[in-house]
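Summary of the model geometry
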Amino acid sequence: QLQLVESGGGLVQPGGSLRLSCAASGFTFDYYVIGWFRQAPGKEREGVSCISSSGGALAYADSVKGRFTISRDNAKNTVYLQMNSLKPEDTAVYYCAADHVAWDPSLCVLSVEYDYWGEGTQVTVSS
């Protein structure tokens, strides 16, 4: 019964901030790469950011570099995505996912690589 549960989404004005959380249970969390993905209406799911099992290596999509920060607290089985300077184009359902593989930043942004997914949390940036 491996589970991932996202929280922290909501409505925010352009330029505002949100922090998303991904709480994991039912597996050895510190052995997994964790990724954040998003899907907007009419768009394909895209990788946003990912973090190695130890938290020592990070990767970001070009569209969010300098604005978003991924982190993890393995003692709490939780990964965070701090989102600053939000734009209307950031509006999407955000998902976290877990991947039991070695770190590879060229692969961790691909949805098909992940075994476990949360249900998602809605982020809406108004204009």
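Note that the structure is a prediction, hence the values are computed from the model and not measured.

1. Here we look at the pairing of strand β3 (residues 18–25)
With 5 bridges connecting them, strand β1 (residues 3–7) and β3 associate as antiparallel partners. In the sheet register, Ser7 faces β3, and the bridge partner there is Ser21. Inspection of the sheet shows β3 paired to strand β8 (residues 78–83) by 6 bridges, in the antiparallel sense. Note on β8: the bridge partner recorded for Cys22 is Val79.

2. Examining the nonpolar core
The biggest cluster of nonpolar side chains holds 27 residues, and the ones touching the most others in it are Trp36, Phe68, Val79, Leu81, Met83 and Tyr94. Elements supplying a minimum of two residues to this core: β3, β4 (33–39), β5 (46–51), β7 (68–73), β8, β9 (92–99) and β11 (121–125). Setting aside anything within four residues of it in sequence, one finds Phe68 in contact with Arg38, Val48, Tyr60, Leu81, Gln82, Met83, Asn84, Leu86, Asp90 and Tyr94. The next biggest cluster of nonpolar side chains, apart from the first, holds 7 residues, and it includes Val33, Phe37, Cys50 and Cys108.

3. Remarks on the state of the cysteines
Each disulfide consists of a covalent bond between the sulfur atoms of two cysteine residues. This structure, assessed with the given rule, holds 2 disulfides. Note that Cys22 is cross-linked by a disulfide to Cys96, the S-S spacing being 2.0 Å. Handedness of the Cys22-Cys96 disulfide follows from its S-S torsion of about 70°: it is right-handed. Taken together, the residues Cys22 in strand β3 and Cys96 in strand β9 connect sequence positions 74 residues apart.

4. Remarks on the environment of Thr69
Mapping Thr69 onto the fold places it in strand β7. The exposure class of Thr69 is partly exposed, given its relative accessible area of 41%. Look past the residues within four positions of Thr69 in its chain and what remains in contact with it is Tyr60, Tyr80, Leu81 and Gln82.

Conventions adopted
- Residues numbered from 1 in each chain as written.
- Predicted model: local features only at pLDDT ≥ 70, side-chain atom pairs only at ≥ 80, totals over all residues.
- Heavy atoms only, no water.
- Pairing = 2+ DSSP bridges.
- Helix = DSSP H or I, 4+ residues; strand = E, 2+ residues; numbered from the N terminus.
- Core = buried A, V, L, I, M, F, W, Y, C linked by side-chain atoms within 4.5 Å.
- Buried < 20%, exposed > 50% of the residue type's maximum accessible area, 1.4 Å probe, protein only.
- Contact = heavy atoms within 4.5 Å.
- Disulfide = S-S within 2.5 Å.

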